[in-house]
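Listed here are the chains, written in short residue letters.
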Amino acid sequence: MSLLSYFKPESRRRFLYASGAFAVLVLISAGIFASNGWFPSTDPLSGKRFGWFGEPLAKNAPSSWNPIAMPSATPTPQLSKEYIYAGSRLLAVEDKNASAAPPADLAVWRPSNGTWYVLGGPGSQQTFQAWGQNGDTPIPGDFDGDGKTDFSIFRPGTPYANWYIIHSSTGSQVNFQYAISSDLPAQADYDGDGRTDAAVYRPPTGGATYGVWYIQGTTYGYYTYTWGEAGDLPASADYDGDGRADIGVFRPSNRTFYSIHSSNNNIVNYSGNIPAGTDWQTVSGDYDGDGRADYAVYNKNSATWYVRQTSTGIFTPFTWGDPNTGDLAVQNDYDGDGKIDYAVWSPSGNNVGRWHIKNSSDGSTRNQFWGQTADIPVPAFYRR
Ligand SMILES: [Ca+2]
Ligand SMILES: [Ca+2]
Ligand SMILES: [Ca+2]
Ligand SMILES: [Ca+2]
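Residues numbered from 1 in each chain as written. Chains lettered and ligands numbered in written order. Predicted model: local features only at pLDDT ≥ 70, side-chain atom pairs only at ≥ 80, totals over all residues.

Concerning the overall build of the protein
Part 1: Per the secondary structure count, the protein includes one helix and 29 strands.
Part 2: The burial tally for the protein puts 40% of its 384 residues in the buried class.
Part 3: Sequence separation of 24 or more characterises 40% of the internal contacts of the protein that already satisfy a separation of 6 or more. (Helix = DSSP H or I, 4+ residues; strand = E, 2+ residues; numbered from the N terminus. Buried ≥ 20, exposed ≤ 12 C-beta atoms within 10 Å, placed from the backbone. Contact = placed C-beta atoms within 7 Å.)

Here's the deal with the sheet that holds strand β9 (residues 137–138)
Working definition: the strands of a sheet are paired by backbone hydrogen bonds and lie parallel or antiparallel to each other.
Part 1: Read across the sheet, four strands follow the order β9-β10-β11-β12 without closing on themselves; strand pairing throughout is antiparallel. Each having just a single partner strand, β9 and β12 (173–177) make up the two edges of the open sheet.
Part 2: Pairing analysis gives five bridges linking strand β11 (residues 162–166) to β12, with the strands arranged antiparallel. Within the sheet, the bridge partner assigned to Tyr164 lies in β12 and is Asn175. (Pairing = 2+ DSSP bridges.)

Overview of the sheet that holds strand β13 (residues 184–185)
Part 1: Taken in spatial order, the four strands make up an open sheet running β13-β14-β15-β16, and their pairing is antiparallel. Taken across any chain shown, the strands that pair with only one partner, and hence form the sheet edges, are β13 and β16 (221–226).
Part 2: Alignment of strand β14 (residues 198–202) against strand β15 (residues 212–217), held across five bridges, turns out to be antiparallel. Bridging from a neighbouring strand, Arg202 pairs with Val212 of β15.

Notes on unusual backbone geometry
Part 1: Across the junction of Thr158 and Pro159, the peptide omega takes the value 0 degrees, indicating a cis bond.
Part 2: Checked against the element boundaries, Pro159 lands in the loop between β10 (151–155) and β11.
Part 3: The backbone of Ala303 shows a phi angle near 55 degrees, a positive value even though the residue is not glycine.
Part 4: Considering the arrangement of structural elements, one finds Ala303 in the loop between β22 (295–299) and β23 (304–308).
Part 5: Of note in the backbone geometry, Arg383 takes a positive phi value of approximately 55 degrees without being a glycine.

Some details on the pairing of strand β20 (residues 267–270)
Part 1: By the bridge criterion, four bridges tie strand β19 (residues 256–260) to β20 in an arrangement that is antiparallel. When the bridges of β20 are listed, Tyr258 appears paired with Asn269.
Part 2: Hairpin geometry of β19 and β20 is characterised by an intervening segment of six residues between the two adjacent antiparallel strands and by a positive phi of about 65 degrees at Asn265.

Looking at the nonpolar core
Part 1: Formed by 67 residues in total, the largest nonpolar core has its most connected members in Ala107, Ala199, Trp213, Ala296 and Val297.
Part 2: Val297 has contacts with Phe250, Ile274, Trp280, Gln281, Thr282, Val283 and Tyr306, leaving out every residue within four places of it along the chain. (Core = buried A, V, L, I, M, F, W, Y, C linked by C-beta atoms within 7 Å.)

Topic: the pairing of β15
Part 1: Taken together, the six bridges between β15 and β16 define a ladder with antiparallel strand orientation. The residue bridging Tyr214 from the neighbouring strand is Thr224, located in β16.

Focus on the environment of Ser348
Part 1: With respect to the secondary-structure elements, Ser348 resides in the loop between β26 (342–345) and β27 (354–358).
Part 2: Among residues more than four places away in sequence, those in contact with Ser348 are Thr325, Gly326 and Thr373.

Structural data, given as structure tokens:
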């Protein structure tokens, strides 16, 4: 005996009409959603994912079948340390419960002999390490997650580039092939497990409009993400402060930052107050110490920094460095107060090899010579 037979004939008819009308409404709604691309979907070509109403999702985003709720972020693992990034580089690691982060090490990598020279200081002894050769790109990162930056280089090659890393925890030498020579290294901890992930940004190739990110997450595994245009500079950093680096780029053509917040997949862009120019260096990092990276670029031709602190919300110009000697930005936390310090390194002129640092803790200036012409500054938290 079916449920309907319990109803009187008239009630049964009304029930059937109402059910039919509802079914038609659902079908029409589904048609509207489908034709507008409002259903969650994955583009079969680019692999790009979209949530409800066509909202782009990060590749690693959980699927969201509740149109009301925002896509919930993957729970951030509880870390025993706090990791601080500028651009795609690990800047510092704060031990949990420690009163302050030890200062970052002044360091250079010398292409002519492939040697790393770490100055040392409080909590870190002077260290020299031969690792790499001329033509390599140094890519400092904490690949084994012990809180110390590993000596690591990216070597162009055919058909694939090579990554060479010495894990500081064991001293073991690691080599793997990943990406191609023309890719821009963008190593950072995208999945927030405390270990730097091998990653690159590939500018658009073969007439494509968009670039592609290739990320080998130590926890999330391998994934790609279509994001960025020709001329964009990678600027990954943890902008939303959830412990995971957010994919980001700076676009020199319109002086705008574009990024995807890993906590909620929100896509944001910021611009303003930044004049046209060339030779930009992305220098995002946490300048105001609120735990969220601040969008920032530096122009060596004017020695001007444009930092959008999360506390002010606008790009504020600040001159630090000598434009005549083409000083390079080497922002980092040198005084260990948890805030990025404005800092430059001089590659030429009378002051070649000079580190010129403005300590954020008290505004004082530190000048120190370390390195020589043709060196590449690689300040980081080596902590040897
Ligand atoms: Ca990782
Ligand atoms: Ca993040
Ligand atoms: Ca900040
Ligand atoms: Ca500082």
